[in-house]
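Each chain, letter by letter, is given below.
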Amino acid sequence: MVAVTGTEAARPPREGALTASARRSWGRWVVLLAAGVYFLVPLYAALRFAVQTPDGGISLGVFGGIPAQQGFADAFGLSLNLALVTTLITLALMVPTAIYVHLRLPQVQRLFEGITILPIVIPPVVLIVGVLQAAPAALKGTPYLLALEYAVLAMPFAYRSLASGLQAMNLKTLVEASRSLGGGWFTTAFRVLLPNLRSALLAATILTVALVLGEYTMASLDQYETFPVWVVVFDQDNAHVSVAVSLLALIGTWLLLILISLIDTRRGHRASTPGES
Amino acid sequence: MTIPATSRDTTPATDAPAARTAGGALVEFRDLRRSFGTARALDGLILTLEPGEMVALLGPSGCGKTTALRVLAGMETVDSGQVLVDGRDLRGVPTRRRDMGMVFQNYSLFPNMTALDNVAFGLRVRGQNNANRRARAGELLDMVGLAERATRYPHQLSGGQQQRVALARALAIEPRVLLLDEPLSALDAKVRLQLREQIRTLQTRLGTTTLFVTHDQEEALSMADRVGVMRGGRLEQIATPGELYARPSTAFVAEFVGTMNRLPAEVVPGGVRVLDQVITAVDVSGRAVGTIVDALIRPEGLTAEPVPHGSGIVAHKTFLGSTTRLSVLLSEELTVQVDSPSTQAAQLSIGESVAVAPRDSQILVADPTSSAAIPS
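Residues numbered from 1 in each chain as written. Chains lettered and ligands numbered in written order. Predicted model: local features only at pLDDT ≥ 70, side-chain atom pairs only at ≥ 80, totals over all residues.

(A) Spotlight on the overall build of chain A. When helices and strands are tallied, chain A shows 14 helices and 0 strands. For chain A, the N- to C-terminal ordering of α and β elements is α-α-α-α-α-α-α-α-α-α-α-α-α-α. Sorting the 277 residues of chain A into buried and exposed places 29% on the buried side. (Helix = DSSP H or I, 4+ residues; strand = E, 2+ residues; numbered from the N terminus. Buried ≥ 20, exposed ≤ 12 C-beta atoms within 10 Å, placed from the backbone.)

(B) Broad picture of the sheet that holds strand E9 (residues 226-231) of chain B. All names here are of chain B. On the basis of which strands lie adjacent, the open sheet formed by 6 strands has the order E6-E7-E8-E3-E9-E10 and mixed pairing. Since the sheet does not close on itself, it has two edges, and those belong to strand E6 (100-103) and strand E10 (234-239), each with one partner. For this sheet, the mean angle separating the axes of adjacent strands, direction not counted, is 20°. Where strand E3 (residues 54-58) and E9 come together, 4 bridges link them in parallel fashion. Along E9, the bridge assignment pairs Leu58 with Val229. (Pairing = 2+ DSSP bridges. Axes fitted to C-alpha atoms, helices over the stretch in contact; angles between N-to-C directions.)

(C) Geometry of the sheet that holds strand E17 (residues 323-329) of chain B. All names here are of chain B. Taking strand neighbours across the sheet as the criterion, the 5 strands line up as E15-E19-E16-E17-E18 in an open arrangement whose pairing is antiparallel. Each edge of the open sheet carries a strand with a single partner, namely strand E15 (302-306) and strand E18 (335-341). Recorded for the sheet is a direction-independent mean angle of 40° between the axes of neighbouring strands. Bridge count between strand E16 (residues 312-319) and E17: 6 bridges; the pairing is antiparallel. In the sheet register, Ile313 faces E17, and the bridge partner there is Leu329.

(D) Main features of the pairing of E17 of chain B. Here E16 of chain B folds back onto E17 of chain B, and the loop between the two strands holds 3 residues, one of which, Gly321 of chain B, carries a positive phi near 110°. Where E17 of chain B folds back on E18 of chain B, the antiparallel hairpin that results is connected by 5 residues.

(E) Looking closely at unusual backbone geometry. Residue and element names in this part refer to chain B. Of note in this structure, Asp31 is not a glycine but carries a positive phi near 50°. Along the chain, Asp31 turns up in strand E1 (residues 27-36). The backbone phi angle of Asp99 is positive, close to 60°, even though this residue is not glycine. Structurally, Asp99 is set in the loop between strand E5 (88-89) and E6. Taking the C-beta count within 10 Å as the criterion, Asp99 has 16 such neighbours and is therefore assigned partly exposed.

(F) Here's a closer look at the interface of chain A and chain B. The interface of chain A with chain B comprises 21 residues on the first partner and 25 residues on the second. Contributing elements (two or more residues each) for the side of chain A that touches chain B: helix H9 (171-180), helix H10 (185-196) and helix H14 (239-272) of chain A. Element by element, the count of residues in the side of chain A that touches chain B is highest for H9 of chain A, at 6 residues. Its residues assigned to classes, the side of chain A that touches chain B shows 6 nonpolar, 11 polar and 4 charged. (Contact = placed C-beta atoms within 7 Å. Nonpolar A, V, L, I, M, F, W, Y, C, P; charged D, E, K, R; others polar.)

(G) Structural view of the nonpolar core. Leu162 of chain A together with Ala56, Val119, Leu179, Leu211 and Val272 of chain B are the most contacted members of the largest nonpolar core, which totals 160 residues. A per-element tally of this core places helix H8 (residues 144-168) of chain A first, with 16 residues. Excluding anything up to four places from it in sequence, Leu162 of chain A contacts Met94, Val95, Ala98, Leu197, Ala200 and Ala204 of chain A. (Core = buried A, V, L, I, M, F, W, Y, C linked by C-beta atoms within 7 Å.)

(H) Inspection of the confidence of the model for chain B at higher detail. Residue and element names in this part refer to chain B. For chain B, per-residue confidence averages 86 on the pLDDT scale, and 91% of positions sit at 70 or higher. Considering only residues more than four positions removed or in separate chains, one finds that residues 1-21, a stretch of pLDDT under 50, has 55 contacts. Here residues 370-376 is modelled with pLDDT under 50, and outside its nearest four sequence neighbours on either side it reaches 21 contacts, counting other chains as well. (pLDDT = per-residue confidence, 0-100.)

(I) The arrangement of helix H3 (residues 130-143) of chain B in detail. Residues and elements named next belong to chain B. Taking 1.5 Å per residue, 14 residues should reach 20 Å; H3 reaches 20 Å between its end C-alpha atoms and fits that length. Residues of H3 that are buried include every one of Arg133, Ala137, Leu140 and Leu141, and no others. Buried residues of H3, seen end-on, are gathered within an arc of 100° and therefore sit on one face of the element. Across from the buried face of H3, at angles greater than 90 degrees, the exposed residues are Ala131 and Asn132. In this fold, the buried residues of H3 make contact with helix H2 (115-125) and helix H4 (159-172). Gly145 lies just past H3 and shows a positive phi near 75°. (Expected span 1.5 Å × (residues − 1). Arc of directions from axis to C-beta.)

(J) Summary view of the packing of H8 of chain A against helix H11 (residues 198-214) of chain A. Residue and element names in this part refer to chain A. At their nearest, the axes of H8 and H11 sit 8 Å apart, and the two run at 155° to each other. By the angle between their directions, the pair H8 and H11 is classed as roughly antiparallel. Between H8 and H11 the crossing geometry is right-handed. Between H8 and H11, the contacting residues are Tyr150, Leu153, Ala154, Phe157, Ala158, Ser161, Leu162, Ser164 and Gly165 on the first element and Ser199, Ala200, Ala203, Ala204, Leu207, Thr208, Leu211 and Val212 on the second. (Parallel < 35°, antiparallel > 145°, perpendicular 65-115°, else oblique. Left-handed = near helix turned anticlockwise from the far one by under 90°.)

(K) A look at the confidence of the model for chain A. Residues and elements named next belong to chain A. In the predicted model, chain A carries a mean pLDDT of 84, and the fraction of residues at 70 or more is 88%. Confidence, expressed as mean pLDDT per element, reaches its minimum in chain A at helix H1 (residues 2-10) with 39 and its maximum at H9 with 94. Throughout residues 1-10 the model reports pLDDT below 50, and contacts reaching past four residues in sequence, or to other chains, amount to 0 contacts. Contacts for the low-pLDDT stretch residues 272-277, under 50 throughout, to residues beyond four places or in other chains number 10 contacts.

(L) Spotlight on the environment of Leu247 of chain A. Positionally, Leu247 of chain A belongs in helix H14. Excluding its chain neighbours within four sequence positions, the residues that come into contact with Leu247 of chain A are Ala46, Leu47 and Ala50 of chain A.

(M) Region of interest: the environment of Ser327 of chain B. All names here are of chain B. You can see Ser327 is positioned in strand E17. Placed 12 residues apart in sequence, Ser327 and Ala315 show a C-alpha to C-alpha distance of 5.4 Å. Contact partners of Ser327, with chain neighbours within four places excluded, come to Ala315, His316, Thr335 and Gln337.

(N) Expanded view of the pairing of strand E19 (residues 353-358) of chain B. Residue and element names in this part refer to chain B. Covered by surrounding structure in E19 are Val354, Val356 and Pro358 only, the residues Ser353, Ala355 and Ala357 on the alternate face being uncovered. Relative to E19, E15 runs antiparallel, the two being bridged by 5 bridges. The residue of E19 that forms the bridge with Glu305 is Ala355. As paired elements, E16 and E19 share 2 bridges and run antiparallel to each other. Across the sheet, the residue bridging to Gly312 is Val354, located in E19.

Laid out in structure tokens, this is it:
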């Protein structure tokens, strides 16, 4: 029996098996191609529309004229401002919470992950009402109310980024090692944990910024002209510029995400570098 | 043969290095109790570590050894009992103020720091200036043989090197107590052997009182001044390695430390009958004549002589150097291990008939197929 198995194992792959493998490979390429077409054709169409001149020619001048468009600087400035404040609020809330949950309450990690994705399924108007109920009076009537709403919206992305960073490190042992050496919580957090969470923090930051720069519904409901609201409003005056701005925003977000990916890849490569014996 | 006393001996053995150094602290566990739900991790643990002594806690998983170490480190609380260091009750003293260096089972170096910065971390926390702490960290790295790796990050070091840096880091703060939580368990056999010698040498030189937790009896027996065998949150026995091996106080200790054969025996006047031989001077602890018991005999306490139609058949031989361990089949259910001088064992072949007999050496008596403590 053993000998028979050994003989079978030593045989070259059958022709049928090769064909099946090749078929699977082709299948993958077809799916990849279809996905590429699905994503790239609309982008190409948008680009074509943005750069097309009235006489049927092509000009990249539309991109150069974006900063001078009426209301652009204010809207973009407001969005950047909100991105900064939202990021600070999100990190200030999420970093200690994620560390605490992973360190002290590992049994509720799953529950907490479930809670953090609620903002994705709760309608924005409900979130707005909820934030309005809880927000300090001084913030009501200022655009910074949006920052609180965005902080709720960013929670799923920020928490997951931080959670994956915390899971990748030996959190409990590092904290205990620091404490045993005399480190207080402040020292442990700022000298040990945060430096090792750098890429998770960067990912959480970039995702939050991308979210704020792209969020339309809440800003529109709250009647603030943030960058995405400006794009939609301006679209009625000059659709070419509006599409060009949208494209630039999309490319900017992509570049940020690629940056995260590159940082993660570098970290993974560094972690897998074998030590010397 | 005398069965050793079963009382928990918490006094240091005569060869313990009580007077070796004044650098270490006196550590006392007084009746520690700790439960996790219904599980009792510590059930009245009493233990004293003399200044400069290395004590290993040995036992199966869940016996409470790691809990005991973590209680001493301040990372775990107790339901009742006291931990004293030099007579001072540590209740309410946080981990960071206990002045104890700890080496963890998992690699615990801070990944964002070089080896030198890792070692200097505790000194930095203590407010030492940069020059002093770098000099001290350099000395310690030199001490563990890693001076040339000072600028390497943890991911650029092997597992053994990381644990050596962790040891240097723990020693850098000049702790009064060093805690070793299975620091060698993640390393391969060769590195483990080297590192345990290095740890022992450093500990002896520095005279730091050390509590070492391990499930590896070879490590415990080879490194520690005294070894405490734990079971169910209590110390079954604490003694020097030699004493623990030669005079285990309970059947559990006897079978946990080293290899032990368990052979059916019967209590007879003045001793026990085992393998058709009467061995006298065995303490049967008041059992009546005719009681069926198990005799616990180490492999070196048995002999195997080639005879035609003997009581056993040689099933396997393992060469150990000057001795060879024979696995001898006595019946379908019973195989015993016999240590024989390699020169004699070489004459025996697999399948050969042998007569197995007990030497006139220490024999322990236990209830059949039970690891219960032997009543004294």
